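This is what each chain is made of:
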Amino acid sequence: DGKDMAGTRAYDASGQGNTGTLTNGPVRAAGKIGQGLKLDGVDDYVDGGTNALLNPTTVVTISAWARPNTIDNGFHIVATKDDSGACGCFSYSLRLNTNNQFYFYEGNDVSDSSATHSTVVTAGIWYHLVGVYDGTDAVRYVNGTAGTPVSGTARNSSSNRFSIGDWFPGVA
């Protein structure tokens, strides 16, 4: 326990009150800045709740520090906002794809965009990840370097949860 977490709570340092709930046993670990969580890549995550502030439908920026422990050509989510639409998609997410590259996804039931970054991920290395949708284009940044912008689309309004670490084997 420390200033970033206590018990099953992960505190929101932004001041917006988005305290998360540690779910299925993520383990506290040294983060890149402050405390982090070691996630098993199976079922550990932080449930960030459903605060309306986490439900942007026009523009969005999401960022995280992440250090994958293993690289297995799998589909892993660093952070995501689930979509309430029929497709079972995500409103927005930072992910590691099957080519071992981080990407930023944003979209809705009809269309979506995936801004991939060319950096191939190495296990045990910290990466600063940022995904930005400005109302027109989606861009993925890795360690401050932008990937190629792709045309984006507005997201569905969703009352579903925001989460950190679904299926991510590493520290975030």
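Caption draft 1: How the structure looks around the overall build of the protein. Check the secondary structure of the protein and you find zero helices and 17 strands. Put simply, the protein has 172 residues, and 45% of those count as buried. Restricting to contacts in the protein with at least 6 residues of sequence separation, those with at least 24 account for 58%. Here the protein displays about 7,800 Å² of accessible surface, and carbon together with sulfur accounts for 51% of that area.

Caption draft 2: Representation of the pattern of salt bridges. Within the structure shown, the criterion is met by one salt bridge. Note that R161 and D166 form a salt bridge whose closest N and O atoms lie 3.7 Å from each other. On the basis of relative accessible area, R161 is assigned to the partly exposed category, the value being 23%. On the basis of relative accessible area, D166 is assigned to the buried category, the value being 9%.

Caption draft 3: Examining the environment of L37 more closely. Along the polypeptide, L37 turns up in strand β5 (residues 35-40). Taking the relative accessible area as the measure of exposure, L37 reaches 6% and is therefore buried. Not counting the four nearest positions on each side in its chain, L37 is found in contact with M5, L22, P26, V27, R28, A29, V46, G170, V171 and A172.

Caption draft 4: Just the environment of A123, in detail. Mapping A123 onto the fold places it in the loop between β11 (112-120) and β12 (127-133). Through-space distance from the C-alpha of A123 to that of I71 is 5.9 Å; in sequence the pair is 52 residues apart. Residues in contact with A123, not counting those within four places in the same chain, are P68, N69, T70 and I71.

Caption draft 5: Local environment of the nonpolar core. Counting 27 residues, the largest nonpolar core has I62, V78, Y92, L94, F102, F104 and L129 as its most contacted members. Among the elements that line this core, the one with the most residues is strand β7 (residues 60-68), at four residues. Those residues in contact with V78, other than ones at most four positions away along the chain, are A64, A66, L94, R95, F102, L129, S163, I164, G165 and F168.

Caption draft 6: Region of the structure containing the environment of T58. Tracing the chain through its elements places T58 in the loop between β6 (45-49) and β7. C-alpha separation for the pair T58 and D134, spaced 76 residues apart in sequence, amounts to 7.6 Å.

Caption draft 7: Summary view of the confidence of the model for the protein. Residue-level pLDDT values for the protein average 82, and 87% of them are 70 or greater. For the protein, the element scoring lowest by mean pLDDT is β11, at 75; strand β3 (residues 20-23) scores highest, at 94.

Procedures and definitions
- Residues numbered from 1 in each chain as written.
- Predicted model: local features only at pLDDT ≥ 70, side-chain atom pairs only at ≥ 80, totals over all residues.
- Heavy atoms only, no water.
- Helix = DSSP H or I, 4+ residues; strand = E, 2+ residues; numbered from the N terminus.
- Buried < 20%, exposed > 50% of the residue type's maximum accessible area, 1.4 Å probe, protein only.
- Contact = heavy atoms within 4.5 Å.
- Areas by Shrake-Rupley, 256 points an atom, 1.4 Å probe, with all protein chains shown as cover.
- Salt bridge = Lys/Arg side-chain N within 4 Å of Asp/Glu carboxyl O.
- Core = buried A, V, L, I, M, F, W, Y, C linked by side-chain atoms within 4.5 Å.
- pLDDT = per-residue confidence, 0-100.

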